Amino acid sequence: MTDPVVDFHVHVFPDEIADQAVPALQARYGLAPRFHPTLSGLQAVCRQQGVEWAVIQPIATKPAQVPVINRWVAGLAGQQGIKAFGALHPLMTKEEIEQQVKELAAHGIKGVKLHAEYQEFYPDDDRLVDLYAILERADMICLQHAGEDIGFPPPAKAAPSRLRQVHLGFPRLRLVAAHLGGFRLWPEVERQLVGLPVWLDTAFCLEEPLPARLLEIIRAHGAGRILFATDGPWGDLGRHLRHLRESGLTTQEIKDIAGRNAYNLLGMPL
């Protein structure tokens with residue numbers, strides 16, 4: 001395989017709760033899901049679009065949900081075309097975080113997802129110091145929502161300036177800032193994150209043809225640290241791929257963003 005495609009940021013639910021979760025999320029976002037957000041729904045759209053891997057990014061809105069979610073994602077091992085990150089919550093104790101990270105690593109899970117809006121925290125809050133230190137020591141990837149979330153009122157909790165402080169405090173932490181580093185906060189992304197050794201994903205940033213400003217952000221940051229992502233089921237996988245391929249980026253930049261960077265970050269051989 002020389003030119004893989006990886007969707008680094010998608011959301012699905014266990015079959016038994018998907019039908020309950022979708023209406024509430026659809027009402028919050030005012031968007032219809034692009035596929036039924038179950039494992040089988042995700043696998044079907046990935047096969048249709050020629051995507052080798054999709055990385056499920058779960059969100060725990062309460063600490064008690066973390067072990068349940070992490071048992072579920074651990075059980076996804078071996079599913080065709082599926083990788084999954086684990087969940088953590090800032091209100092967990094240091095001991096609870098350490099135990100969950102240990103169990104995730106034992107199942108070969110490479111990272112965790114945090115969402116400042118749903119979990120009600122600021123990324124550079126002192127209460128996350130232990131969490132980041134544990135992830136850094138374990139060489140775990142930390143993917144964080146970044147910028148505005150259309151389901152929550154501004155101001156954004158996960159501002160690029162706060163994510164910059166996370167990187168400066170934990171420079172060995174493999175930090176991924178979703179939504180190109182700060183959805184709808186592009187001037188701050190340019191000032192605070194562009195050029196830092198952090199990864200940016202494209203989740204929900206390719207629903208429309210890539211605007212010149214976002215193309216400039218990608219090129220200034222370096223295509224080697226950009227990860228293709230849709231934020232499915234809310235982003236349309238086929239549309240996002242088409243807009244990436246028609247973006248004006250070079251063939252090599254597109255190959256790197258579409259999948260090669262994700263393979264490298266996840267430690268998978270090409």
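Preceding block: the structure.
Residues numbered from 1 in each chain as written. Predicted model: local features only at pLDDT ≥ 70, side-chain atom pairs only at ≥ 80, totals over all residues. Heavy atoms only, no water.

Attention shifts here to the overall build of the protein chain. Looking only at helices and strands, one finds eleven helices and nine strands in the protein chain. Taken over the C-alpha trace, the protein chain has a radius of gyration of 17 Å; the compact-globule value for 270 residues is 18 Å, and the two agree within 12%. When its C-alpha atoms are laid out on the principal axes, the protein chain stretches across 50 × 40 × 40 Å. For the protein chain, the proportion of its 270 residues judged to be buried stands at 57%. (Helix = DSSP H or I, 4+ residues; strand = E, 2+ residues; numbered from the N terminus. Rg over C-alpha atoms; globule rule 2.2 N^0.38 Å. Buried < 20%, exposed > 50% of the residue type's maximum accessible area, 1.4 Å probe, protein only.)

In this model, Pro154 is joined to Pro155 through a cis peptide bond whose omega is 5°. The step from Gly232 to Pro233 runs through a cis peptide bond, and the omega angle for that step is 15°. On the secondary structure map, Pro233 appears in the loop between β9 (226-227) and α10 (237-245). Residues other than glycine seldom take positive phi values, yet Phe204 does so here, at roughly 60°. Structurally, the position occupied by Phe204 is in the loop between β8 (199-201) and α9 (212-221). Phe204 sits in the buried class, given a relative accessible area of 19%.

To continue, consider the sheet that holds strand β5 (residues 111-114). Strands in a sheet are paired, the pairing made by backbone hydrogen bonds, and the direction either parallel or antiparallel. One open sheet accounts for six strands, arranged β4-β5-β6-β7-β8-β9; its pairing is parallel. Strands with a single pairing partner mark the edges of an open sheet, and in this sheet they are β4 (86-87) and β9. As defined by bridge partners, β5 adjoins strand β6 (residues 141-144) across four bridges and the pair is classed as parallel. Looking at the pairing, Leu114 lines up with Gln144 of β6. (Pairing = 2+ DSSP bridges.)

Here we come to α9. All of the buried residues along α9 are Leu214, Leu215, Ile217, Ile218 and His221. Taken end-on, α9 shows its buried residues confined to a sector of 155°, consistent with a single buried face. Summarising the geometry of α9, the exposed residues directed more than 90 degrees from the buried face are Ala212, Glu216 and Ala220. Tucked into the core, α9 has its buried residues touching α8 (186-192), β8, β9 and α11 (251-266). (Arc of directions from axis to C-beta. Contact = heavy atoms within 4.5 Å.)

On to helix α1 (residues 15-29). Helical geometry note: an α-helix holds 3.6 residues per turn, so side chains three or four residues apart project in the same direction. When the terminal C-alpha atoms of α1 are compared, their 21 Å separation across 15 residues agrees well with the 21 Å that a helix rising 1.5 Å per residue should span. When the local axis directions of α1 are compared, the greatest deviation, roughly 35°, occurs at Ala21, which is followed within four positions by the proline Pro23. Taken residue by residue, α1 has Ala18, Ala21, Val22, Leu25 and Tyr29 as its buried positions. Residues of α1 that are buried in the fold lie against α5 (116-119). Phi for Gly30, located one or two positions after α1, is positive at around 65°. (Expected span 1.5 Å × (residues − 1). Bend = angle between axes of the 7 residues up to and from the residue.)

Our next topic: the layout of surface pockets. Rolled over the atoms, a probe as big as a water molecule pinpoints where empty space is left. Estimates place the volume of the largest pocket at around 860 Å³. Along its surface, the largest pocket is lined by 34 residues, and His11, Phe13, Leu25, Ile59 and Tyr118 are the ones closest to its centre. Mapped onto the lining of the largest pocket, the elements with two or more residues apiece are α1 and α3 (65-74). Tallying contributions element by element places α1 first for the lining of the largest pocket, with six residues. In the lining of the largest pocket, the residues fall into 21 nonpolar, nine polar and four charged. (1 Å grid on protein atoms, 1.4 Å probe; cavity = no way out; pocket = protein on both sides within 12 Å on 5 of 7 lines; lining within 4 Å. Points joined across faces, edges and corners; volume = space filled by probe spheres on them. Nonpolar A, V, L, I, M, F, W, Y, C, P; charged D, E, K, R; others polar.)

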